Amino acid sequence: MSRIVRATVTPILISDPPLLNVLGVHQPYTPRTIVEIETDDGVTGIGETYGDTDYLDVARKLADVLPGRDLTSMNGLYALASATLTGATDEVKEFDPAGLRGTRNNEKLIRSVVSAFEVASLDALGKTTGLPVHCLLGGKVRDRVDYSGYLFYRWAEHPDGEAPDDWDAALDPDGVVRQAQRFADDYGFTSFKLKGGVFAPEEEIAAVKALAKAFPGYPLRLDPNGGWSVEASVRVAEEVGDLLEYMEDPTAGVAGMAEVRERTGAVLATNMCVTTFGEVPEAFAKDAVQVVLSDHHYWGGLHATRELAALCRTYGVGLSMHSNTHLGISLAAMTHVASVIPDLSYACDSHRPWQTEDVITEPHRFTGGAIEVSDAPGLGVELDRDALGALHERWLARPDMRDRDDVAAMRKVHPDWVQPSLPRW
Ligand SMILES: O=C([O-])C(=O)C[C@H](O)[C@@H](O)C(=O)[O-]
Ligand SMILES: [Mg+2]
């Protein structure tokens, strides 16, 4: 049995383009946490998760108590991490500027941290046994995992010119179609999701119609992150519902989602109103959600994602996959877990094509809109220590970017910008 001799947590800042959403715009740099777990066999496993300071604090405390523990005791990680939070209040934030992923409470914070340690443990265990992570999860049922092209309204550059990339602005239907065309040409995506909630629904309806015209038959999704009232959501469903494979979080909250469902019959997906196990019963009972967008980070890891899949299967609810800004370690973990869930029948989301940097030596390549499932031991990716060091140096140099805040980033351009209250329309 391998024992953990060291767990290391490295905070980094990665470049991020000026992607717009209902709250504001992405900052030029976004925080991530990279976890390494070393065993007494001399093997190191790696994991990745959110990097905002409250995640980082828990990750550092969990890393401190791991040496001496059995590598395989992954089911005990949650209790260990919880113990590090003793005395903290379980403050629930319904909506906060650090990313549009629903409620924020201690359980979700802990699960988000634990997931990186679970993935690092699985990577180390895989390297020790010579087995890929998907084998440790029961074996893949597909060799390739489909991803959808994640389109954003965006500016060409950040106001101060930081973190430049070679993409044009996309602020109208033509810009969105041009972006989708480049995604299709470069990565082969055959389905698209447009991040909405940026402009009035009529403008986003026009973008969806333009996409449907340019890419006939492609599955499309529109996600305003709860930015619309029930009335606006119904209007959008009437206008473009038949062009969309699902509407993602058209309106905020279970009651509103249930009403939109009842009035339109539209298929509704969420990564906002069902993001913890505790939110499942009410939402499923009220038929507020027909597709849950899993995210192995905040659901608590790869095993927890399979538990969620079983729950969704039991209740006849679909499963797809959410993403926030992430690098290749997370993409590898997402691909392994997606490969073992038989009824994950939608293309997964990934922000990865927007990232110009990585901490793995051979970043993944999307071909035909998919990622090959690796059969190499562990995750099948190697840490690039030079890149990790450089991105950590940036984290040290930029304390102003250590917490994601899309509202603050927007304020740099629009000084009067305040966190929009939902619904915006
Ligand atoms: O599907 C989603 O709602 C997301 O990916 C949430 C993210 O925060 C997204 O809106 C973003 O990156 O701006
Ligand atoms: Mg969403």
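Residues numbered from 1 in each chain as written. Chains lettered and ligands numbered in written order. Predicted model: local features only at pLDDT ≥ 70, side-chain atom pairs only at ≥ 80, totals over all residues. Heavy atoms only, no water.

A.B. asks: What exactly am I supposed to notice about the domain arrangement of the chain here?
C.D. replies: Size of an interface, as often reported, equals the accessible area lost when the parts are brought together. Looking at the chain, the domain boundaries give domain 1 (4-134 + 384-411) and domain 2 (139-372). Put simply, the middle of domain 1 and the middle of domain 2, counted by C-alpha atoms, are 22 Å apart. Facing 49 residues of domain 1, the contacting portion of domain 2 comprises 57 residues. Both sides of the domain 1 and domain 2 interface together cover about 4300 Å² of buried area, and 62% of this is carbon and sulfur. On the domain 1 side of the interface with domain 2, the three residues burying the most area are Pro-18, Leu-20 and His-134, jointly 17% of the side's total. Linking domain 1 with domain 2 are two salt bridges, by the criterion used here. In this structure, the salt-bridge partner of Arg-398 is Glu-162, at a minimum N-O distance of 2.4 Å. Listing elements by their share of the side of domain 1 that touches domain 2, those giving two or more residues are strand E1 (4-15), strand E2 (29-39), strand E3 (44-50), helix H3 (106-129), helix H4 (133-136) and helix H13 (385-397). The leading source of residues in the side of domain 1 that touches domain 2 is H3, at eight residues. Within the side of domain 1 that touches domain 2, the residues separate by chemical class into 26 nonpolar, twelve polar and eleven charged. (Domains from an automatic or database assignment. Contact = heavy atoms within 4.5 Å. Buried area = accessible area lost by both parts, 1.4 Å probe. Salt bridge = Lys/Arg side-chain N within 4 Å of Asp/Glu carboxyl O. Helix = DSSP H or I, 4+ residues; strand = E, 2+ residues; numbered from the N terminus. Nonpolar A, V, L, I, M, F, W, Y, C, P; charged D, E, K, R; others polar.)

A.B. asks: Sorry, what's going on with the coordination of the magnesium ion (ligand 2) here?
C.D. replies: Six octahedral donors around a metal ideally make angles of 90 or 180 degrees; four tetrahedral donors ideally make 109.5 degrees. Looking at the magnesium ion (ligand 2), the protein donor atoms are Asp-223 (OD), Glu-248 (OE) and Asn-271 (OD1), and they sit 1.9 to 2.2 Å from it. Counting along the primary sequence, the residues that act as donors to the magnesium ion (ligand 2) give the motif D-x24-E-x22-N. Separated by 25 residues along the polypeptide, Asp-223 in strand E7 (residues 220-223) and Glu-248 in strand E8 (residues 244-248) bring together distant segments of the chain. Using a relative accessible area of 0% as the deciding quantity, one classes Glu-248 as buried. (Donors = N, O, S within 2.8 Å, 3.2 Å for Na, K, Ca; no water. Buried < 20%, exposed > 50% of the residue type's maximum accessible area, 1.4 Å probe, protein only.)

A.B. asks: Mind showing me how you'd approach the site of ligand 1 here?
C.D. replies: Inspection of the region around ligand 1 gives 16 residues, with Asn-21, His-26, Tyr-150, Lys-193 and Asn-225 positioned closest. A distance of 2.6 Å separates an oxygen atom of ligand 1 from a polar atom in the side chain of Tyr-150. Contact between ligand 1 and Asn-225: an oxygen atom at 2.7 Å from a side-chain N or O atom of the residue. Its free accessible area being 330 Å², ligand 1 has 100% of it covered by the protein chains. The set of elements that each furnish at least two residues to the shell around ligand 1 consists of strand E5 (149-152) and strand E6 (192-195). (Near = heavy atom within 4 Å. Polar contact = N/O pair within 3.5 Å; in protein donor to acceptor, adjacent residues only side chain to side chain. Areas by Shrake-Rupley, 256 points an atom, 1.4 Å probe, with all protein chains shown as cover.)

A.B. asks: Would you take a moment to explain the pairing of E6 for this structure?
C.D. replies: Each regular strand displays side chains that alternate between the two surfaces of the sheet. Neither face of E6 is left uncovered, since the one carrying Phe-192 and Leu-194 and the one carrying Lys-193 and Lys-195 both have all their residues buried. Sheet analysis places E5 next to E6, joined by four bridges and oriented parallel. Pairing of Tyr-150 across the sheet is with Lys-193, part of E6. Note that the unit made of E5, helix H5 (residues 173-187) and E6 has a crossover that is right-handed. For the crossover that starts at E6, traverses helix H6 (residues 201-214) and ends in the parallel E7, the hand is right-handed. (Pairing = 2+ DSSP bridges. Right-handed = clockwise from strand over helix to strand, strands pointing away.)

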